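The lines below spell out each chain.
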Amino acid sequence: MSRAARKLILPGILVGLLVAVVLLAPVLPLADVRMMDVPGRFSGPSAEHWLGQDEFGRDVLARLIWGGRASLFIAVGSALAAAVLGTTLGLLGGYFRGVVELVTVRASEVILCLPPLLLALLVVTLLGAGTGPLILALTLLYTPNYARVVYAATLQVRSLDFVTAQRAMGAHPLAILTRTILPNVLPPLLVQMSLVVASAMVIESGLSFLGLGVVPPTPSWGLMIRAARGAMEVAPMLLVWPSLALAGTILSFNLLCDRLQSVLDPRQITAGGALWLHRPARKAAAAPQPAAPDAPLLRIRDLAIAVEGPRHGLDLVRRADVTVLPGQTVALVGESGSGKTLTSLALMGLLPDRLAVTGGEALYTTREGTTVDLAQLDDEGFRRLRSTEISMVFQDAAAALNPVLRIGDQLAETLRVAGTPEAGIPARVVDLLRQVGIPDPERRCRAYPHELSGGQRQRAMIALAVANSPRLLLADEPTTALDPTIQAQILQLFLQLKRDTPGMGLVFVTHDLAVVAEIADRVVVMYAGEVVEQGPVAEVFARPRHPYTAALIASVPEGGAERLVAIPGSVPPPHAMPPGCRFAPRCDFARPLCEAAAPVASAPAEGRSTRCIRWKEVT
Ligand SMILES: Nc1ncnc2c1ncn2[C@@H]1O[C@H](COP(=O)(O)OP(=O)(O)OP(=O)(O)O)[C@@H](O)[C@H]1O
């Protein structure tokens, strides 16, 4: 069972039990809810009446179960009816706007002008008390809530590229609404649903309490609370049972909707869920050890990253070995999907939800000369290292910078994290912007990210990353989103930073071999989640020892397009990795032996390694 499905077990069982009990009320061996037993009034629990008897001597358990039937039917019924109506109005209004918006969302919003309880009272007074009018009143009451939530979500989604792409493909508006927009607005809809069920139960109880909801002698939790209030001093438990049932039901529904929301959203924005099914914490961090005097800045051995949970076999990265010395630049290269980004995110403790380091070690030597294993570190440990010891430049600066904060404020915030004295912050902000080549830094520090050009935004991102003088800088394709001239400038900036901070190690993720040649001392070639070759850049480029590296080099257009040789096939997806050498299906050198077992690393020369059994034949 997938992890997502397991998250639904607990709330599913709770709500399922609840629904089963109230649905099965007619066949359960319960006492008659109307049968009075005056001598037994206010009796406590007994073998015959498990939860005791009420003010008329009626069985409390039977009334609780039958009362739940009424309360649930009204709350869930009205929440569903309002969801269907409100979602339709919100989708139509948000997608078509104009007049449609006026007659759907705006018209329904009139209801919001009236106090909820008063509106419910009005409908119930006009139509008379009872279950039907109550459901109608609650449906009317909650429809605008759904309409507004769905309308806002639709407005947001309709302007996104994938909806425009659907339009461009000629999809019918109805198809776009139901197949493209509706699944995207489902998560907020489910949140709304859990709130409405809870609120509807409370209003139903309130109206029944006032005598305007469920008509006695039919039991409902609201009626039970109302009756028990008068006898609170004699039999306080009569008040406790319906209140507990009400609170427990609302909590169960909230939990179910919360979990459904995270399960239905493939991006798992709320992965981890709530309460006790939260993602297990990382292993306890080992205490930092004193580092050997010649210890590298970072030594990754056999690092493995996998999807968490029962599908543990799904390795995304395995057998990753990388060493970074102080002042060294190591380039991670490989095709898209080879695991470069995940490896660098693991070093920052920023792996996406559901992914975890499942093996190996990543020993980092701190400024104080201690060794910390990043593969074992807990969140608090990472928090202490980030920014001051290890920092990261992301590929898309536009997405990584906070759009509503000025660049200067974002830098100041980062400096504060490292305890920079407040008085020194403004000058340091200007210095940093100057250092990364932003012209007129005194003025530009007041700019918002959208007021900067793409190149300037990337410079600001780099300023943020180096603000607290990290000793290890990770740069994940920092030039990919930029045009070639700006790319060259940003590379120059990295070279300049290296010159200015001699001890800083740099891990540079890229798939551009020309960039590797320009910036890196060592290159680590990754393929399908594995490090297949590594060594000093000049040596590897002059004499690759893995067919994949050789193919990558041959695929670089150099001096004319006729020299470009595409690598046939594509990187296998994680669930369909070949059993032996992962590159074998695309490799000209492959032999049956290659497909039998994953090749171990060989060392063709000092400081070099390759995972190819035929490396001697690769030129
Ligand atoms: N959140 C995730 N959940 C499941 N699989 C993921 C997730 N993120 C990445 N992967 C998978 O892990 C593998 C490695 O991805 P990664 O992003 O590290 O590759 P990459 O080499 O950085 O590629 P690119 O150059 O395109 O960024 C890919 O097969 C990808 O599909």
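Conventions and cut-offs
- Residues numbered from 1 in each chain as written.
- Predicted model: local features only at pLDDT ≥ 70, side-chain atom pairs only at ≥ 80, totals over all residues.
- Helix = DSSP H or I, 4+ residues; strand = E, 2+ residues; numbered from the N terminus.
- Buried ≥ 20, exposed ≤ 12 C-beta atoms within 10 Å, placed from the backbone.
- Contact = placed C-beta atoms within 7 Å.
- Near = placed C-beta within 6 Å.
- Nonpolar A, V, L, I, M, F, W, Y, C, P; charged D, E, K, R; others polar.
- Pairing = 2+ DSSP bridges.
- UniProt positions renumbered as here; feature names shortened; annotations may be inferred.
- pLDDT = per-residue confidence, 0-100.
- Core = buried A, V, L, I, M, F, W, Y, C linked by C-beta atoms within 7 Å.
- Axes fitted to C-alpha atoms, helices over the stretch in contact; angles between N-to-C directions.
- Expected span 1.5 Å × (residues − 1).
- Left-handed = near helix turned anticlockwise from the far one by under 90°.
- Arc of directions from axis to C-beta.
- Parallel < 35°, antiparallel > 145°, perpendicular 65-115°, else oblique.

An unreviewed UniProt entry lists the chain under the name Peptide/nickel transport system permease protein, with Salipiger marinus as the source organism.

K.L.:
Help me understand the overall build of the chain in this model?
P.N.:
The number of helices and strands found in the chain is 22 helices and 12 strands. A total of 619 residues make up the chain; the buried ones form 41% of that total. For the chain, the share of sequence-separated contacts (at least 6 apart) that also reach a separation of at least 24 residues comes to 66%.

K.L.:
Would you take a moment to explain the site of the ligand for this structure?
P.N.:
The ligand sits among 15 residues. The nearest are Ser-336, Lys-340, Thr-341, Leu-342 and Pro-352. For the shell around the ligand, the element with the highest residue contribution is helix α11 (residues 340–348), accounting for 3 residues. Of the residues belonging to the shell around the ligand, the class tally is 6 nonpolar, 7 polar and 2 charged.

K.L.:
Explanation requested: the pairing of strand β2 (residues 298–307) in the structure shown.
P.N.:
Strand residues, when the strand is regular, have side chains that alternate between the two faces of the sheet. Relative to strand β3 (residues 315–324), β2 is paired through 6 bridges, and the arrangement is antiparallel. Opposite Leu-298, over in β3, you have Val-324 as the bridge partner. Inspection of the sheet shows β2 paired to strand β5 (residues 355–365) by 8 bridges, in the antiparallel sense. Counterpart to Arg-301 in the pairing with β5 is Glu-361.

K.L.:
So what exactly am I meant to see when it comes to the UniProt feature "transmembrane region" (unreviewed entry) in the chain here?
P.N.:
The feature "transmembrane region" (unreviewed entry), as annotated in UniProt, sits at residues 72–96, 117–142, 189–215 and 236–256 in this numbering. With 100% helix and 0% strand, the stretch residues 72–96 has end C-alpha atoms that lie 35 Å from each other. Each end of residues 189–215 is marked by a C-alpha atom, and these two atoms are 32 Å apart; helix forms 81% of the span and strand 0%.

K.L.:
Please explain the confidence of the model for the chain as it appears in this structure.
P.N.:
Low-pLDDT stretches of the model should not have their predicted coordinates read in fine detail. For the chain, per-residue confidence averages 87 on the pLDDT scale, and residues scoring 70 or more make up 93% of the total. Both confidence scores are given for the complex: pTM 0.68, ipTM 0.94.

K.L.:
I tried to follow the sheet that holds strand β6 (residues 370–373) on my own but got confused; where do I start?
P.N.:
Across a sheet, strands are paired by hydrogen bonds formed along the backbone, either parallel or antiparallel in direction. Strand order across the open sheet formed by 5 strands is β1-β6-β5-β2-β3, with antiparallel pairing between neighbours. The sheet is open, and its two edges are formed by β1 (289–290) and β3, each paired on a single side.

K.L.:
Would you explain the nonpolar core in this entry?
P.N.:
Considering soluble globular proteins, one finds that nonpolar side chains tend to be buried as a cluster. Counting 92 residues, the largest nonpolar core has Ala-331 and Ala-463 as its most contacted members. Counting residues per element, this core draws most heavily on helix α17 (residues 454–466), at 7 residues. If near-sequence neighbours (up to four positions away) are discounted, Ala-463 is found in contact with Leu-411, Leu-432, Leu-433, Gln-435 and Val-436. Residues Val-185, Ala-200, Ile-225 and Ala-227 belong to the second largest nonpolar core, which totals 63 residues.

K.L.:
Please clarify how the sheet that holds strand β12 (residues 609–610) should be interpreted in this entry.
P.N.:
What the 7 strands build is an open sheet, ordered β7-β8-β9-β4-β10-β11-β12; its pairing is mixed. Looking at the sheet topology across the chains shown, the edges are occupied by β7 (390–393) and β12. Across 4 bridges, β7 lies against strand β8 (residues 472–476) in parallel orientation. Note on β8: the bridge partner recorded for Val-393 is Ala-475. The sheet strands contacting helix α21 (residues 547–554) are β10 (522–527) and β11 (530–536), and the helix crosses β10 at an angle near 105°.

K.L.:
For this particular structure, what's the right way to read α17?
P.N.:
Helix length check: α17 (13 residues) gives 19 Å between terminal C-alpha atoms against 18 Å at 1.5 Å per residue, within 8%. Within α17, burial applies to Gly-455, Gln-456, Arg-457, Gln-458, Arg-459, Ala-460, Met-461, Ile-462, Ala-463, Leu-464, Ala-465 and Val-466. Here the buried face of α17 lies against β7, α13 (397–400), α14 (407–417), α15 (425–435), β8 and α18 (484–500).

K.L.:
Help me out: how do you make sense of the packing of helix α3 (residues 60–96) against helix α6 (residues 131–158) in this one?
P.N.:
If you want to describe how two helices pack, look at the angle between their axes and the distance between the axes. Contact geometry for α3 and α6: axes closest at 5 Å, N-to-C directions at 35°. Once α3 is placed against α6, the crossing between them reads as right-handed. Residue composition of the contact of α3 with α6, grouped by class: 21 nonpolar, 12 polar and 2 charged.

K.L.:
Any chance you could explain α14 here in plain terms?
P.N.:
Given 3.6 residues to a turn, an α-helix orients residues that are three or four positions apart in the same direction. Residues of α14 that are buried: Ile-407, Gly-408, Gln-410, Leu-411, Thr-414 and Leu-415. Looking straight down α14, one finds that the buried residues subtend no more than 165° of arc, so they occupy a single side. A positive phi of about 80° marks Gly-419, the residue just after α14.

K.L.:
Got a minute to help me understand the packing of helix α7 (residues 161–168) against helix α8 (residues 173–210) in this structure?
P.N.:
Look at α7 against α8: their axes get within 11 Å of each other, and the N-to-C directions meet at 150°. Considering their axes alone, α7 and α8 lie roughly antiparallel with respect to each other. In this structure, α7 crosses over α8, and the sense of that crossing is right-handed. In this structure, α7 uses Phe-162, Val-163, Gln-166 and Arg-167 to contact α8, whose residues at the interface are Ile-176, Thr-180 and Ile-181. Grouping the amino acids of the contact of α7 with α8 by side-chain chemistry returns 4 nonpolar, 2 polar and 1 charged.

K.L.:
What is the right way to read unusual backbone geometry from this model?
P.N.:
As a rule of thumb, non-glycine residues mostly have phi less than zero, and peptide bonds are mostly trans rather than cis. One non-glycine residue, Ser-469, adopts positive backbone phi at about 45°. When you line up the elements, Ser-469 lands in the loop between α17 and β8. For Ala-528, which is not glycine, the phi torsion reads 50° and is therefore positive. Classification of Ala-528 as buried rests on a count of 25 C-beta atoms within 10 Å.

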